[in-house]
Amino acid sequence: MADSASISDRQQAKKVRLGRGWEPWPEYEAAATGLMDYWYPVAWARALKKKPLPVKLCGRDLMLLRDEDGTARALHDRCVHRGVKLSLGKQWFPGTISCPYHGWTYRLRDGELVAVITDGPDSRMCNRAAVQAYPVEERLGLLWVFMGEAEPYPLNRQLPEELVQPPAFAMGGRIEERSGNWRLFAENGFDEGHAKYLHRTSIWRIMKVMPTWNLIHIEKHGRWLYRIEDERFWEAEFPGLGKWTNSRWWKIKPHIKQGRSLGNTGGARRNNPYIEAQNFPGFASLALPGILRIAYPNFIHYEFYVPIDESHTRYVGFMVQFKKGLSRLIFYLWYLTGIRWMFHGNFSGQDHWMVANTDAPPERLYRPDESLIEWRKLFAGPHPLREKP
Amino acid sequence: MADSASISDRQQAKKVRLGRGWEPWPEYEAAATGLMDYWYPVAWARALKKKPLPVKLCGRDLMLLRDEDGTARALHDRCVHRGVKLSLGKQWFPGTISCPYHGWTYRLRDGELVAVITDGPDSRMCNRAAVQAYPVEERLGLLWVFMGEAEPYPLNRQLPEELVQPPAFAMGGRIEERSGNWRLFAENGFDEGHAKYLHRTSIWRIMKVMPTWNLIHIEKHGRWLYRIEDERFWEAEFPGLGKWTNSRWWKIKPHIKQGRSLGNTGGARRNNPYIEAQNFPGFASLALPGILRIAYPNFIHYEFYVPIDESHTRYVGFMVQFKKGLSRLIFYLWYLTGIRWMFHGNFSGQDHWMVANTDAPPERLYRPDESLIEWRKLFAGPHPLREKP
Amino acid sequence: MADSASISDRQQAKKVRLGRGWEPWPEYEAAATGLMDYWYPVAWARALKKKPLPVKLCGRDLMLLRDEDGTARALHDRCVHRGVKLSLGKQWFPGTISCPYHGWTYRLRDGELVAVITDGPDSRMCNRAAVQAYPVEERLGLLWVFMGEAEPYPLNRQLPEELVQPPAFAMGGRIEERSGNWRLFAENGFDEGHAKYLHRTSIWRIMKVMPTWNLIHIEKHGRWLYRIEDERFWEAEFPGLGKWTNSRWWKIKPHIKQGRSLGNTGGARRNNPYIEAQNFPGFASLALPGILRIAYPNFIHYEFYVPIDESHTRYVGFMVQFKKGLSRLIFYLWYLTGIRWMFHGNFSGQDHWMVANTDAPPERLYRPDESLIEWRKLFAGPHPLREKP
C-alpha cells in the first residue's frame, strides 16, 4: 500500500533518469568509426601533389599521393615491414612509394611490394607482400576514396543525383576536422529541432525571422530521407511562462510560395529552374553514409560527415549554384565575401559547438526527433548502393 | 636450516616492502569521490550572478544559478534530451534555464521540464522529465550544496557549532582547486607529524619555533575528533646521527598557558573569550565530511576538503575572528596583507605540494598516524548527522 | 572448386596482412621495461652533486645522491610511509636522506630507516623499515646502477672488454631521453638494413658513398653478436623500375683493407693499433642488456639503450679514441665541433625519428633482419654474466 509521497518519489525518479541508449538500433551503435563500402570525400583535389598526404578515414591511416601521370592513389599508410608510415617516404621510381626506413617500395596502383632497395634486386620479399590500395576518384574538385574491401561500385551511384551530370555550375566549400562522432554530426545536420533555436543568433540569419517551432514528418524516397514541414509557428505562448518568438521589427519573414516551399527560412522571387526541376519533396534530405542536402531557392548546400575516428569527423561542406556566365562570377564573389565565413564559419561553427558538447546516449527523444529515428533505421538496411548489380 | 644470511635477507625483504593498503577501512576506500548526503561549500556567494556557474562536486557536474528573486539554485548540469550542459544555456523565463541546443526549459526550483521551446506549447515532454535539483543554502558568505538524493537535514546541524549563531565576527578566506584526492587532503590537515617538520620553513612560522616532535592522543567528542598534545620536545638527539631542532636565536617560543594550550605553536597574552568559552579539548579537530578546525588564541581557521573528483579537491579555507568595531577592521587588514598569502598561500601551498606527491596506499603508518586511523574509522559510522531525526 | 579469381583474392589477402607478432621470442616480448640484474649507465658522474637526482630506470623511480665522502648512492625514490619521493628531501645528517613530509630518514648506504625526526629518538619504526638500495659504480665518467635484487657481479664483467683496462683514451658523448621502447632502439642500432638507406642523407655521411645493399651474416663470439659483411653492392638495377645508387661524383668510397674491413663506410690509412689488436670479427657488435659497439678504424662508438619505461629510452652514446697527448686534444676538438652535432645529433636523430615511428609488432622480416632475430634469441639465455660464479 504505497502512499502518495512514495508514488511521487518514484515518478520523480523516473523523470530524472538520464535516458535511454541506442539498443533499438544495433547497426547504428556498431557504426562508431563509420560505414564500410562507401565512397567518402576526403580532400580538395587541388591539394594533392607529389608529396604524400596522410589522411585518416574510418579509423584507418591512409596515404594519398598523385602519381607522375597525375592519377590520385591511396594506400594503407603503414609499411608491412616495421609499421613505419609510408607518407614519411619518397617516390624514387615512377608509380611507387618507398618507405623511409629500409626502402621497401610499393606500387601505388595496387599496393604490391615491387622492390626492397636495401635487399637488392633478388629480394625474396618482392610480390610476396602488399599494402591495401583504395580506389580513388576525382569529382567536383574533391578526392573520393572508397573505404572497404569489397569491389567498388561507381561513384556516380552514390553522388546526389543532381550532381552526376549537372549543367554549368559554381561551387564553394570548406573542409575541416571537427571534434565529435560523425553520427552526432549527421543527426545535428538533419535535426529539425535545433535549427530555429540554436541558429537564431547566427549572422547568416540576422535579418531573417526563424520560426519558434513547427510540425514535420519524414518521407523516404529512394535512398533519401526528406524532412517535410507540415505547419510553422512564428511564436508560441508557453503556459505559466510567457511568449517566445524570434520575430524582431527588422527581420524579414521568408517568401512562402504556394503549395510547397523551397527553403523554410529563405525567400526568393524566382526559384532556380534546375533545382525546381528536381521536385525535392522537402527542403532538407539525408542519405547514407552521412550526406546532408539543403535545397535553397537558388543554390543547394551539401554536408558530408566523413568519419575520421570515433571522436573526430571531417566536415566537408559546399554550396552549388547552377548558373553560368556573370551569375557564376557573382556567386563566387558572394561565397568568398559572405557565405564562407557566415555560413561555413559562424553558422556551422554553432553546430560544431553543440556536437562537441553532446553527451549522448543516454538520451530522451521528443517529437522533432522523428528525423533522427528514421535516419538510424536506415542502418539496418537494405543498402541499395552496395547491393545493386 | 636457514643460515643467518638468509634470515637477514628475509628481514631485509620485509623492511623494503612497500606497505599496506586501506583494506581495514573499506568504507574509506570506497569514498574516493566523496561522501553522499552531506552539505558542501562550493563557491563564494558573491560570485554567483545570473550567469550559470558550472561546478563539479563528488564527480557530478552541477550548474549553479541565481534566480531572479536572488535565490541560489543548483541543477544537474546535463539536459536529459541530448546531454548538453545546461550551464551553456540562458534564462528566458523567470525561474527557469533553457538548454542552448533545442530550448528544453527546466524549472530551477525543482528541475522539472516545464517547456520545450522548439516543440510548442503542447509538447508532450513537459512534466514528464526533469533534471535533479540540489538544495542550496547561503551561509557565511558561501554557497552550500547538499549532495545526495536523501531528504536534506538543516545545514546548521553540520556547521561547526560555534558558527551557527556566532557573535559579531570578521572572516577571510580562499577557494582553490587542487590536485589530489580529498581524503589525502583531510589526512594531511589533521596529521600531527608533518606540521612541525614540513612547515618549519613557511613564512607563517618564520619567527616561531616549531617543536621537533611530540606525543599526542586522539579523543572523540560528539562528531569531532580532537588531536591532543601530551608532551612536546623542542629538540632531539638521534643516536648515531646527531641533534635536530628548529630553534634559532631569532625565533620565539610560544606562550604556554597552564593546563591546556590553545594553539601548539602560537602564543597570546589573552585568549578570545568566545573561543575560550568553546572549551575545545584540543587545538585541532576534524569531522565528517572533511572539515578541519584549528583553534588559535584569537581566531579559528577552517578547512573544507570538498571532493571534485577522484583526483581533484576544492580547498575552501577561511579564518574567523570574533570581534567587532576597529578590531574587525584590523583583522581584515591583517588578513589581506598577511594571512592571505602567508597562510592560505605559502603555508597551505606546502600541504598541496605534499598531497600532490603522496602515492598512498600502500603505506606504513607510525605513532603520530593515530590521527589518520581514527579519522578513517569514522567512515564506518554511525553518521549522526544523517541519522538524527 | 576455386576459380583463379578467388585464388588470387586469397593470395592478395595474404599479402596485405599486417604481419606477425613476437610470439617466437617470449622472453623478448616480456622484457618491455628492461632486463633485471644488469648494470646500466644512467647519468654523467660529474652531474651528480649533493642535490638528489631523480632517475627512472626499468620502470622504477630511483634517486641518486652523492654522499658527503663523495660516494654515489642510489635508493628507491619512494618513502615507505606515504609514498612521497625522497628526491624532494634533504640531507640533514651525513650519509642519510630525509623525506620532506615527516622527516623519515634513510641511510644512503643500505636504505635502512635510521631516524624519524617527527617521532623522536625512540621511534619504533627505526631499523624496521627500509627502501631498496641499488649498487652504484663510477666508471668512464658515467654512473652505473645495478638494477635488480640479486647480488651484483662486478661491473667489469659487463663492460665492453676493451674498456676494462684501456690505455690512455679520450671520450665524448651524449645522454638523451628518447621516445620509443628500448628494444626497438637496440634493433635499430644493430640493423644492417636501414644504415645505408636512412642515413644516406645524414651530414655525417655527406662526403661518403653508402652501399645500396649488402649480404651479411651474424656470428656469436662470447656474449657478443657480430654483424659481418660478406658482399657489398654500390648500386643495384631493380627490374622494371630502374637503377638506384647513393654514389655521387663528390662522394668518396671508403678505403677497404684486404681481408677484413674495419668500418663499412669509413676509411683510414692506418688503423689504431689498440683497436686492431681487439681482432673484432665485425664492424658492428651487440650484447645484452642493449650495448652496441661500432668499431671505426680510429675510434669506437658505443650506444647503450637504457630502459626508462615501456615507451621511453635513455640513449647513452659515446665515442672513445685510444690516443694520448696532442691527438687526444685534437679528438676533443673534433668531437665538440663535429661529431657531437653531426653524429650524436643529426645522424642519431634519424634513428630516433624512425624508432618513434615504428609500429611493430606486427611485422614482416626480410633477409637483413637476421641481425634482429639473433638478438632476440639472446633473451632466452643462457645469461653468462649473471650465471658465472
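What counts and what doesn't
- All residue numbers here refer to positions counted from 1 along the written sequence of the relevant chain.
- Each chain takes a letter, starting from A, and each ligand takes a number, starting from 1, following the order in which they are written.
- Totals for whole chains, interfaces and linings use every residue, but because this is a predicted model, local features are given only for residues with pLDDT of at least 70 and side-chain atom pairs only at 80 or more, for both listing and counting.
- Only DSSP runs of H or I reaching four residues or more are called helices, and only runs of E reaching two or more are called strands; each is numbered from the N terminus.
- Once C-beta atoms are placed from the backbone, each residue is buried if 20 or more other C-beta atoms lie within 10 Å of its own, exposed if 12 or fewer, and partly exposed for counts between those two.
- Residues are scored as being in contact if the C-beta atoms we place from backbone atoms lie within 7 Å.
- For each domain, the first and last residues come from an automatic or database assignment.
- In this classification, the charged set is Asp, Glu, Lys and Arg, the nonpolar set is Ala, Val, Leu, Ile, Met, Phe, Trp, Tyr, Cys and Pro, and all remaining amino acids, among them Gly, are polar.
- Convention adopted: a line fitted to C-alpha atoms gives each axis, helices being fitted over their contacting stretch, and angles between N-to-C directions are expressed from 0 to 180 degrees.
- Note on terminology: angles under 35 degrees are roughly parallel, angles over 145 are roughly antiparallel, angles of 65 to 115 are roughly perpendicular, and the others are oblique.
- In this scheme the crossing of two helices becomes right-handed for a clockwise turn of the near helix relative to the far one and left-handed for an anticlockwise turn of less than a right angle.
- When the copies are superposed, the least-squares fit takes in the C-alpha atoms of residues with a pLDDT of at least 70 in both.
- We call two strands paired when DSSP finds no fewer than two bridges between them.
- Fitting axes to the seven residues that end at a residue and to the seven that start at it, the angle between those axes gives the bend at that residue.
- The pLDDT score gives, residue by residue, the confidence of the prediction method on a 0 to 100 scale.
- We call a set of buried Ala, Val, Leu, Ile, Met, Phe, Trp, Tyr and Cys residues a nonpolar core when their C-beta atoms link them within 7 Å.

Asks: Looking at this model, I keep getting lost on the overall build of chain A. Mind explaining?
Replies: Regarding its fold elements, chain A presents eight helices and 19 strands. Counting all 389 residues of chain A, 42% fall into the buried class. A separation threshold of at least 6 residues defines the contact pool for chain A, and within that pool the share at least 24 residues apart is 57%.

Asks: How do you make sense of the domain arrangement of chain A when you look at a structure like this?
Replies: It is common to report an interface's size as the accessible area lost on association of the parts. Residue and element names in this part refer to chain A. Under the domain assignment, chain A is made up of domain 1 (41-147) and domain 2 (165-381). Using C-alpha coordinates to define each centre, domain 1 is positioned 37 Å away from domain 2. Each partner contributes residues to the interface: domain 1 has ten residues there, and domain 2 has nine residues. Among the elements that make up the side of domain 1 that touches domain 2, the one with the highest residue count is strand E1 (residues 38-44) (four residues). For the side of domain 1 that touches domain 2, a count of residues per class yields seven nonpolar, two polar and one charged.

Asks: Can you help me understand the packing of helix H3 (residues 182-190) of chain B against helix H7 (residues 370-378) of chain B in this one?
Replies: Angle between the axes and distance between the axes: these two values describe a pair of packed helices. Residues and elements named next belong to chain B. The geometry of H3 relative to H7 is characterised by a closest axis approach of 9 Å and an angle of 135 degrees between their N-to-C directions. For the element pair H3 / H7, the angle class is oblique. As for the relative orientation of H3 and H7, their crossing is right-handed in sense. On H7, the residues touching Ala186, Glu187 and Phe190 of H3 are Ser371, Leu372 and Trp375. A per-class count over the contact of H3 with H7 returns four nonpolar, one polar and one charged.

Asks: Hey, could you run me through the interface of chain C and chain B in this one?
Replies: Across the boundary between the two partners, chain C contributes 31 residues, which contact 30 residues of chain B. If you tally residues by element for the side of chain C that touches chain B, the top one is strand E7 (residues 113-116) of chain C, at three residues.

Asks: For this particular structure, what's the right way to read the relation of the copies chain C and chain B?
Replies: Each copy of the sequence occupies a distinct position, and chain C is placed on chain B by a rotation of 120 degrees and an axial shift of 0.1 Å, giving an RMSD of 0.1 Å. What the superposition gives is, in effect, a three-fold axis relating one chain to the other. For chain C, the smallest separation between a C-alpha atom and the rotation axis is recorded for Ser311(C), amounting to 14 Å.

Asks: Hey, could you run me through the pairing of strand E2 (residues 53-57) of chain C in this one?
Replies: Each regular strand displays side chains that alternate between the two surfaces of the sheet. Residue and element names in this part refer to chain C. Bridge count for E2 against strand E3 (residues 60-66) is five bridges, and the pairing is antiparallel. Within E3, the residue paired with Val55 across the bridge is Leu62. Hairpin connection between E2 and E3: a loop of two residues separates the two successive antiparallel strands, and Cys58 in this loop has a positive phi of roughly 55 degrees.

Asks: Is there a simple way to think about the interface of chain A and chain B in this case?
Replies: Contacts between the two partners involve 30 residues from chain A, matched on the other side by 31 residues from chain B. Of all elements in the fold, only helix H1 (4-15), helix H4 (192-198), strand E14 (235-238), strand E15 (242-245) and helix H6 (326-357) of chain A reach the threshold of two or more residues within the side of chain A that touches chain B. The element best represented in the side of chain A that touches chain B is H4(A), accounting for five residues. Looking at the side of chain A that touches chain B, its residues break down into 15 nonpolar, eight polar and seven charged.

Asks: Before we go on, may I ask you to explain helix H6 (residues 326-357) of chain C in this structure?
Replies: Along an α-helix, residues three or four apart share an orientation, since each turn contains 3.6 residues. All names here are of chain C. If you look at H6, its biggest bend is around 60 degrees, right at Ile339. Taken together, the buried positions of H6 are Phe331, Tyr335, Ile339, Phe343, His344, Ser348, Asp351, Met354 and Val355. Here the buried face of H6 lies against strand E11 (170-179), helix H3 (182-190), helix H4 (192-198) and strand E19 (312-321).

Asks: Just checking my understanding: could you explain the sheet that holds strand E8 (residues 133-134) of chain C for this structure?
Replies: Whenever strands of a sheet pair, they do so through backbone hydrogen bonds, lying parallel or antiparallel. Strands sit in the order E2-E3-E4-E8 (chain C) across an open sheet of four strands; the sheet is antiparallel. The two strands at the open ends of the sheet, each matched to only one other strand, are E2 and E8 of chain C.

Asks: I would appreciate a short explanation of the pairing of strand E17 (residues 291-295) of chain A in the present structure.
Replies: Residue and element names in this part refer to chain A. Along E17, four of the five residues are buried, which leaves the element largely enclosed by surrounding structure. Relative to E17, strand E16 (residues 284-287) is paired through four bridges, and the arrangement is antiparallel. Considered in E17, the bridge of Leu286 is made with Leu292. Where E16 folds back on E17, the antiparallel hairpin that results is connected by three residues, among which Gly290 adopts a positive phi of roughly 120 degrees. Judged from the five bridges that link them, E17 and strand E18 (residues 300-309) form a sheet pairing that is antiparallel. Residue Arg293 lies in a different strand from E18, and its bridge partner there is Tyr302. Taking the residues between adjacent antiparallel strands as the criterion, E17 and E18 are bridged by four residues.

Asks: Even after reading the chapter, I still don't get H3(B), so can you show me in this structure?
Replies: Most of H3(B) is tucked away: nine of the nine residues are buried. The complete set of buried residues in H3(B) reads Trp182(B), Arg183(B), Leu184(B), Phe185(B), Ala186(B), Glu187(B), Asn188(B), Gly189(B) and Phe190(B).

Asks: What exactly am I supposed to notice about the confidence of the model for chain A here?
Replies: Should the pLDDT be low somewhere, the predicted coordinates at that spot are not to be read in detail. Per-residue confidence for chain A gives a mean pLDDT of 91; residues scoring 70 or more make up 93%. Complex prediction metrics read pTM 0.92 and ipTM 0.92.

Asks: Would you take a moment to explain the nonpolar core for this structure?
Replies: The nonpolar side chains of a soluble globular protein tend to be buried, and buried together. Formed by 271 residues in total, the largest nonpolar core has its most connected members in Val145(A), Val145(B) and Val145(C). When neighbours within four sequence positions are excluded, Val145(C) is seen to be in contact with Tyr40(C), Val42(C), Leu57(C), Leu62(C), Ala74(C), Tyr134(C) and Val136(C).

Asks: How should I be thinking about the sheet that holds strand E2 (residues 53-57) of chain A in this particular structure?
Replies: Residue and element names in this part refer to chain A. Pairing is antiparallel in the open sheet, where four strands are placed in the order E2-E3-E4-E8. Taken across any chain shown, the strands that pair with only one partner, and hence form the sheet edges, are E2 and strand E8 (133-134). One ladder, built from two bridges, connects strand E4 (residues 72-76) with E8; its direction is antiparallel. Counterpart to Ala74 in the pairing with E8 is Tyr134.

Asks: Any chance you could explain the environment of Cys99(C) here in plain terms?
Replies: All names here are of chain C. Position of Cys99 relative to the elements: it lies in the loop between strand E5 (96-98) and strand E6 (104-107). Once the C-alpha coordinates of Cys99 and Leu86 are considered, the two residues, 13 residues apart in sequence, prove to be 5.1 Å apart. Apart from the residues within four sequence positions on either side, Cys99 is in contact with Cys79, His81, Val84, Leu86, Gly89 and Trp104.

Asks: I tried to follow unusual backbone geometry on my own but got confused; where do I start?
Replies: The phi angle of most residues is negative, glycine excepted, and most peptide bonds adopt the trans form. With an omega of 0 degrees, the peptide bond between Pro361(A) and Pro362(A) qualifies as cis. With respect to the element layout, Pro362(A) can be found in the loop between H6 and helix H7 (370-378). The phi angle at Asp37(A) is positive, at roughly 60 degrees, despite the residue not being glycine. Tracing the backbone through its elements, the reader meets Asp37(A) in the loop between helix H2 (26-30) and E1. With a phi angle near 60 degrees, Asn127(C) is a residue other than glycine that sits in the positive phi range.

Asks: Help me understand the environment of Leu65(A) in this model?
Replies: Residue and element names in this part refer to chain A. Locating Leu65 in the fold gives a position in strand E3 (residues 60-66). For the pair formed by Leu65 and Lys50, sequence separation is 15 residues and the distance between their alpha carbons is 5.9 Å. With sequence-adjacent residues up to four places away left out, Leu65 is seen in contact with Pro52, Arg73, Ile97 and Leu108.

Asks: Please explain the environment of Phe238(C) as it appears in this structure.
Replies: Tracing the backbone shows Phe238(C) in strand E14 (residues 235-238). For Phe238(C), a count of 21 C-beta atoms within 10 Å puts it in the buried group. On a C-alpha basis, the gap between Phe238(C) and Ser311(C) in space is 37 Å, while along the polypeptide they are 73 residues apart. Look past the residues within four positions of Phe238(C) in its chain and what remains in contact with it is Ala115(A), Pro121(A) and Trp244(C).

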